[in-house]
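Chains, contacts and geometry: an overview
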Amino acid sequence: MGSSKSVSQCTCVFLFTLWNNVELSIENKFTANYSCSFLTNVPKGIPMQTKVLDLSQNNIYAVHISDFSPLPELQVLNLSHNLISKLDFSAFKFNNDLQYLDLSHNNMSIIKCQFMEELRHLDLSFNKFNALPICQELGIMFQLKYLGLSGTMIRRSDFRAIAHLQLNTVFLTLEDLTDYDSGSLPDLSTRNLHIVFPTNKDFNFSLLYDGMSTSEKLEFFNIKYDLSYKDFQFPPLSLEKEFKTSNLILNNVDLSWTIILRIFMIVWYSHVESFTVKNLTFGGEIRLNKPDISSILKYQEQHFVSESLIKVVTLEHVRNKLFYFNQEIVYLAFSKMNIENLTISDANMPYMLCPEESSLFQYFDFSYNDLTDEVFKNCSTLTHLETFILPRNKFEKLSKVSSMTSKMISLKHLDISRNLLYYNEDEKQCNWTETLVKLNLSSNKLTDAVFKCLPLHVQILDLQNNQISTIPKEITELQALSELNIAFNRLTDLPGCRHFSALEFLNIEMNQILTPSSDFFQSCQNIRELKAGLNPFKCSCELQDFINIAKQGPARLGGSPELYVCEYPEGWKGTQLKDFHLSKIACNTALLLVTVLIITVVLVALVSFLCIYFDAPWYLKMIWQWTQTRRWVWNRHIDELPSHLQFHAFISYSEHDSLWVKNDLIPNLEREEGSIQLCVHERNFIPGKSIVENIINCIEKSYKSIFVLSPNFVQSEWGHYELYFAHHKLFSESSNSLILILLDPIPQYIIPARYHKLKALMAKRTYLEWPKEKNKHGLFWANLRAAININLPLSAKTNKV
Ligand SMILES: *[C@@H]1O[C@H](CO)[C@@H](O)[C@H](O)[C@H]1NC(C)=O
Ligand SMILES: *[C@@H]1O[C@H](CO)[C@@H](O)[C@H](O)[C@H]1NC(C)=O
Ligand SMILES: *[C@@H]1O[C@H](CO)[C@@H](O)[C@H](O)[C@H]1NC(C)=O
């Protein structure tokens, strides 16, 4: 840990982290962050209410009373990583609430103290003091809990001024230590002591012994010792009696094996319960020589009777400088330890010995090593082991791992994630210990077959990040399983709970599920949370059903809504499931059918009603006829008309209907003067000629013949025509010259059998019915006029009959 700082190395920490074990909730407007701003002075204009001010990682070289006097509310001030060389605490004399003052990583060599009543945290570590900056005023700051100091020498009396303060943590940086008066540290009264030793100096073991007599928790940084074991001094027995450290941490340690062994021995016979070594590099001869052994034995003899309190040993990140050493000795030493918890992690350890006798080990953490399937084979002495942590090793066969556990009769939790595990069905049977309840098999190479090799009573099972694509149908039931993590696999549907009746939590994120089947909730009655995000959902009716069921049920869909997104179809891609809705009808076939049916029925009813009430078909028929006629007239050229035509129409009717003909028919057809010429027998018949002759004459000179049909007409008039029609091609069936107006209905029986033509015409229904309703008359006449209205050849206008 260097105190050197430069702006280019400024790693911006934007979040203002508070000192540990201090809980202070500060609202944003009270926080001002000027960290990493290339400042050389404390800026002006900091908001007056500021309570937390971060000025760290700048180039500020001096502070003045005027800098902070406008900030009466200031509670937290971070001036670390600056260039301040001199400090007069009176600069803060108007900041009566100041509790946290971080001045670490500056260039200070001189300070002038001043009493600060509220100060709880004062950090002066990583500065350039020679003598420790402990002044009389510190001794009356009774709120002080954390004190960071730095210096190059420690004298016997240095801590006297603060000996009576009950501190929580003292952080000492002694980077250029030249002198230490042994026996100085124990004057301090603190629960935690952290000491940073120079990296380039041989460690002074009297600091370790004094530290162990000072605090419960002791942590050293940078321990290096290149001298021979002969210069090493064991602690005097009188001092050992004062040892009170129960938690010892050595960080960044570079020692020879013989020295490590000595430290272990000291720790062993002290009050330490938990011993941690982080970043350990060891070298030197592993095999001990005779004088070496005798000095160790001598120390051991003195302590032979006293019992060790040590329970936890932790070694993290261990490297050795030896090409070859007899590892057996080391493993043997560890396997013989009578401790509860042993961690050896990130140590390139390829092997570990099974203890020879039943051991006390409860907890092993051997993560990040090179252990293989061969470890603890047939080992029956680990009867107390409850937790076994083995991620990032080189285990391959799941069946061998299962046999390794078979005699660990207390094992509850096994973490063997991030190995190379696989299991083939044709392999030998798995043989797990029955006590296992939590098993972590994540990030391995396991396939579907893994379900045939699982401990029967497992409750929590982590199988994420493997290669599982289905859960086989034929597997033994895992009745106790309550938590299953199967995320990052290749499943295409939710597994039911046929084999896991107690399942409460299922994580199936990041699989290949398009449409989760909704009978999942039926099958999994105990489910409380389902995490299914990050699957390529196909947004359809089935999915909507699923979401609806999920919403109603007692189970919730875990994970944030952003994780649940439609992938298919293209139109819905990217839509979050919570925003995806299809109408009820679109998803319910029965409902859809019923709806269509109802609409059809209503339409039919409406149309029928319209037809009956307004006689719509009649209108339609009339309009259609009218348009047909218009079109026909349009297309027809004048010269196609025979030149002898004089009339637009000849009208034939019965005497009984003459009233209608005279009052309605003729006036309506001849509405526009002279536009339509009609041949009516009362008007145009030539006297002297027979009726039939007159009729034929009229018919032949008329463009159309209109017959006003009624029962009377049939009985009295039609007879004249029937014979005529029989002989004239003019009135062949295809001819358009006939217009029949049905004035009154004619029952079939009235028509005599010999009237073939009339019968045929009536049967074809090619007549115009005279509508009884007045409002229909207009259309009737229009239609009739259209049928006869053509431009007659010129002669018609002049020649009168
Ligand atoms: C002060 O700033 C330094 C550097 O940014 C940071 O490491 C430290 O934690 C800060 N102190 C507090 C109390 O936040
Ligand atoms: C050993 O480790 C386990 C698990 O981390 C922990 O619960 C237990 O307290 C540890 N034992 C001791 C003595 O610290
Ligand atoms: C299993 O191990 C992985 C990685 O080693 C970890 O992220 C996960 O939380 C563990 N699962 C459980 C249930 O502890």
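Residues numbered from 1 in each chain as written. Chains lettered and ligands numbered in written order. Predicted model: local features only at pLDDT ≥ 70, side-chain atom pairs only at ≥ 80, totals over all residues. Heavy atoms only, no water.

Along the backbone of the chain there are 20 helices and 33 strands. For 801 residues, the compact-globule estimate of 2.2 N^0.38 gives 28 Å, and the C-alpha radius of gyration of the chain, at 55 Å, exceeds that figure by more than 25%. Along the longest, intermediate and shortest principal axes, the C-alpha atoms of the chain span 170 × 80 × 40 Å. By sequence separation, contacts in the chain at least 24 residues apart represent 59% of the contacts at least 6 residues apart. A total of about 40300 Å² of accessible surface is found on the chain, and carbon and sulfur atoms cover 53% of it. Positive and negative side-chain charges in the chain, numbering 74 and 83 respectively, have mean positions lying 8 Å apart. (Helix = DSSP H or I, 4+ residues; strand = E, 2+ residues; numbered from the N terminus. Rg over C-alpha atoms; globule rule 2.2 N^0.38 Å. Contact = heavy atoms within 4.5 Å. Areas by Shrake-Rupley, 256 points an atom, 1.4 Å probe, with all protein chains shown as cover. Lys, Arg positive; Asp, Glu negative; His and termini not counted. Charge placed at Lys NZ, Arg CZ, Asp CG, Glu CD.)

Right, let's talk about the packing of aromatic side chains for a bit. The tally for this structure, following the rule as stated, stands at 32 aromatic pairs. Taking 5.0 Å as the distance between ring centres and 90° as the angle between the ring planes, the aromatic pair formed by Phe-203 and Phe-205 counts as edge-to-face. Residue class for Phe-203 comes out buried when judged on its relative accessible area of 4%. Among the residues examined, Phe-205 registers a relative accessible area of 7% and is labelled buried. Taken together, the aromatic side chains of Phe-197, Phe-203, Phe-205, Tyr-209, Phe-220, Tyr-225, Phe-232, Phe-234, Tyr-269 and Tyr-299 make up a single cluster linked through ring pairs. (Phe/Tyr/Trp six-rings, centres within 6.5 Å; stacked < 30°, edge-to-face > 60°. Buried < 20%, exposed > 50% of the residue type's maximum accessible area, 1.4 Å probe, protein only.)

With that settled, consider the pattern of salt bridges. The final tally for this structure, using the stated rule, is 18 salt bridges. Of the charged contacts, one joins Asp-179 and Arg-155 as a salt bridge, the two residues approaching to 3.4 Å between their closest N and O atoms. With a gap of 24 residues between them, Asp-179 in strand E11 (residues 179–180) and Arg-155 in the loop between strand E9 (153–154) and strand E10 (167–173) connect regions that are remote in the sequence. Among the ionic pairs, Asp-187 bridges to Arg-160, the shortest N-O distance being 3.5 Å. Within this pair, whereas Asp-187 is found in the loop between E11 and strand E12 (190–196), its partner Arg-160 is found in the loop between E9 and E10, the two being separated by 27 residues in sequence. Here the salt bridges do not stand alone but share partners, grouping Arg-155, Asp-179 and Asp-181 into one network. (Salt bridge = Lys/Arg side-chain N within 4 Å of Asp/Glu carboxyl O.)

Let's shift gears to the pairing of strand E29 (residues 647–652). Of all the six residues making up E29, six are buried; the element is thus mostly covered by neighbouring parts of the structure. As paired elements, E29 and strand E31 (residues 702–709) share five bridges and run parallel to each other. Its bridge partner being in E31, Phe-647 is matched across the sheet by Ser-702. Bridge count for E29 against strand E30 (residues 678–680) is three bridges, and the pairing is parallel. (Pairing = 2+ DSSP bridges.)

Phe-68, Phe-366, Phe-376, Phe-388 and Leu-441 are the most contacted members of the largest nonpolar core, which totals 170 residues. The element that contributes the greatest number of residues to this core is helix H4 (residues 257–268), accounting for eight residues. Apart from residues lying up to four places away in sequence, Leu-441 is in contact with Leu-398, Ile-416, Ser-417, Leu-421, Leu-446, Val-450, Leu-454, Leu-461, Asp-462, Leu-463 and Asn-466. (Core = buried A, V, L, I, M, F, W, Y, C linked by side-chain atoms within 4.5 Å.)

Moving on, we come to the site of ligand 2. Around ligand 2, the neighbouring residues are Lys-311, Val-312, Glu-340, Asn-341 and Tyr-363. In isolation ligand 2 offers 360 Å² of accessible surface; the protein chains occlude 42% of this area. Residue composition of the shell around ligand 2, grouped by class: two nonpolar, one polar and two charged. (Near = heavy atom within 4 Å. Nonpolar A, V, L, I, M, F, W, Y, C, P; charged D, E, K, R; others polar.)

This part takes up the sheet that holds strand E32 (residues 738–742). Reading across from one edge, E30-E29-E31-E32-E33 is the order of the five strands in this open sheet, with parallel pairing throughout. Looking at the sheet topology across the chains shown, the edges are occupied by E30 and strand E33 (767–769). Taking the axes of each pair of neighbouring strands and ignoring which way they run, one obtains an average angle of 25° across the sheet. Along the sheet face, helix H18 (residues 756–764) touches E31, E32 and E33 and points at about 75° away from the line of E32. (Axes fitted to C-alpha atoms, helices over the stretch in contact; angles between N-to-C directions.)

Time to look at the UniProt feature "transmembrane region" (unreviewed entry) in the chain. Under the UniProt annotation, "transmembrane region" (unreviewed entry) lies at residues 590–614. Across residues 590–614 one finds 100% helix and 0% strand; the C-alpha atoms that close the span lie 36 Å apart. (UniProt positions renumbered as here; feature names shortened; annotations may be inferred.)

Time to look at the site of ligand 3. As a structural note, the neighbourhood of ligand 3 is formed by Ser-417, Arg-418, Lys-438, Asn-440, Ser-442 and Asp-462. Separating an oxygen atom of ligand 3 from a side-chain N or O atom of Ser-442 is a distance of 3.4 Å. Asp-462 is positioned with one of its side-chain polar atoms (N or O) 2.6 Å from a nitrogen atom of ligand 3. Taking 360 Å² as the accessible area of ligand 3 by itself, protein coverage stands at 58%. Residue composition of the shell around ligand 3, by class: no nonpolar, three polar and three charged. (Polar contact = N/O pair within 3.5 Å; in protein donor to acceptor, adjacent residues only side chain to side chain.)

Tracing the backbone through its elements, the reader meets Cys-497 in the loop between strand E23 (483–485) and strand E24 (505–507). Note on Cys-497: relative accessible area 5%, which makes it buried. Along the chain, Cys-497 and Asn-526 lie 29 residues apart, while their C-alpha atoms are 9.2 Å from each other. If near-sequence neighbours (up to four positions away) are discounted, Cys-497 is found in contact with Leu-503, Ser-523 and Cys-524.

Among the residues making up H18, those that are buried are Lys-757, Leu-758, Leu-761 and Met-762. Down the axis of H18, the buried side of the element spans an arc of 130°, and every buried residue falls inside it. Away from the buried face of H18 by more than 90 degrees, exposed residues His-756 and Ala-763 are located. (Arc of directions from axis to C-beta.)

Here, disulfide denotes a covalent bond that connects the sulfur atoms of two cysteines. Summed over the entire model, instances satisfying the criterion amount to seven disulfides. Each sulfur of the disulfide joining Cys-430 and Cys-453 lies 1.8 Å from the other. Measuring handedness by torsion sign, the sulfur bridge of Cys-430 and Cys-453 sits at about -105° and is left-handed. Of this pair, Cys-430 sits in the loop between strand E20 (413–415) and strand E21 (438–440) while Cys-453 sits in the loop between E21 and strand E22 (460–462), and the two are 23 residues apart along the sequence. Summarising the burial analysis for this pair, Cys-430 and Cys-453 share the class buried. (Disulfide = S-S within 2.5 Å.)

What follows is about the side chain of Glu-240. Mapped onto the elements of the fold, Glu-240 is located in helix H3 (residues 237–240). Buried charge without a salt bridge: Glu-240, with Lys-241 as the nearest opposite-charge side chain at an N-O distance of 8.0 Å. Leaving out residues up to four positions away in the same chain, Glu-240 has contacts with Pro-235, Tyr-299 and His-303.

Let us now look at the packing of H4 against helix H5 (residues 290–303). Describing two packed helices takes the angle between their axes plus the distance from one axis to the other. Following both chains from N to C, one finds H4 and H5 inclined at 5°, their axes separated by 11 Å at the closest point. One element, H4, and the other, H5, form an angle in the roughly parallel class. Counted together, Thr-258, Leu-261, Arg-262, Met-265 and Ile-266 of H4 and Asp-292, Ser-295, Ile-296, Tyr-299 and Gln-300 of H5 form the full contact between these two elements. A breakdown of the residues in the contact of H4 with H5 according to their chemical character gives five nonpolar, three polar and two charged. (Parallel < 35°, antiparallel > 145°, perpendicular 65-115°, else oblique.)

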